[in-house]
Amino acid sequence: MNRAADSVDAVIDRGLQAVEDENLERAELALEEAQRLVGENHVRVLHLSGLIAWAEGRLENAAGYLQQAVDLDADHAEIYLDCAECLAASGNDLQEAEAVLRTLLARDSIEAESKDQGKLLLAQIRLDDDDVEEALEVLESISDERKGDPIYLSTRALVLEAGGQTEAALRALEQAIEADPEDPDLHYQLGLVRESHGDREGAKVAMLKVLELDAQSAGEREPLESSESDALRAQFEEEVLTEVPEPVLQRVANAPILVQTRPTKAQVADGVNPRTYVTFVGQPKQDEQEARLDAIIIMRDLLLDEVDDDEDIVPLLFVGLLDELRAFFRMEGLQMATAS
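The rules behind the values
- Residues numbered from 1 in each chain as written.
- Predicted model: local features only at pLDDT ≥ 70, side-chain atom pairs only at ≥ 80, totals over all residues.
- Heavy atoms only, no water.
- Buried < 20%, exposed > 50% of the residue type's maximum accessible area, 1.4 Å probe, protein only.
- Helix = DSSP H or I, 4+ residues; strand = E, 2+ residues; numbered from the N terminus.
- Pairing = 2+ DSSP bridges.
- Contact = heavy atoms within 4.5 Å.
- Phe/Tyr/Trp six-rings, centres within 6.5 Å; stacked < 30°, edge-to-face > 60°.

Draft legend 1. Fine view of the pairing of strand β3 (residues 292–299). Among the eight residues that make up β3, six are buried, leaving the element largely enclosed by the rest of the structure. When strand β1 (residues 257–260) meets β3, the two strands line up parallel, connected through four bridges. Bridging from a neighbouring strand, V259 pairs with I298 of β3. Taken together, the six bridges between strand β2 (residues 278–283) and β3 define a ladder with antiparallel strand orientation. Paired with T279 across the bridge in β3 is I297.

Draft legend 2. Representation of the side chain of D82. Residue position: D82 is located in helix α5 (residues 77–89). Beyond its immediate stretch of four places on either side in the chain, D82 contacts H47, L51, W54 and L66.

Draft legend 3. Fine view of the packing of aromatic side chains. Scanning the entire structure with this criterion turns up three aromatic pairs. Measuring from ring centre to ring centre gives 5.5 Å for F280 and F328, while their planes differ by 75°; the resulting arrangement is edge-to-face. Taken together, the residues F280 in strand β2 and F328 in helix α17 (residues 313–328) connect sequence positions 48 residues apart. Here F280 and F328 have matching classes, each one buried. Where F328 meets F329, the ring centres are 5.2 Å apart and the plane angle is 70°; that geometry is what we call edge-to-face. Both residues of the pair, F328 and F329, belong to the buried class. Cluster of aromatic residues (ring-pair linked, three or more members): F280, F328 and F329.

Shown next as structure tokens:
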């Protein structure tokens, strides 16, 4: 390899690390330097361009860069994996994502560990396509030494749950948590499975652990001022509720709208989801009992964790409201135009 290639690899590696560290300014500087060295169409330059675009929320551009890198047919497994994951993230390109992964898995030069990562992602894609049987077959083909990894166990739990094998799914999740007890996502998945199958006490234990672990990893935010509460409440009332059809609005119109930073232990113990930034408090609809909505709470910190800029706030509030309407009132088929 010539000196320019040696140099560009070091520059690209620096840029990839910057993306991982969420330092996009440093990543852009590395990209510009790499482009000066080898041009814009070098396979690793395209890879870095794709990951920067992805981090900036430009999924279509990111997929384009990454697919160009894949088309160059390089033996860089991470490019195939990133491309497939990016395509799958949009939810609209599952077939293309699957094709990329199958190309990777067919290459003899790819190491077993990378192939196992590809199979994990392929299993998730087959599950998204409602093919539980093939998803399980793909998981079974993964190397035995990887089958104790939390990511394998949690993925297997998703597939088993989708196939109606709840007890097996719960066992897989419990094994995953034994392997990595400080991963809040595993506890969250466990809580959701328990709750969906009527184990409210078990779900509460898992969700309280999620609240604890999420709080430990959360960054410091400014205290919630009354002016910020008023502004969020006004946005919700004037820009979100006004988009709700009248028959649906009647269900929530009389509930007070509150703003707090994040859920409390007491709220989570009472059934509030620790990761929902719009929360309905009261009695959800039961089989023979109508719902009673006591309050709507906006969780500021959880909301701000999801937004890139202020323009994202109203659409996210709308999505949060829609999710709660479906769950609280059992309106699973509810569809509404997204607020702009």
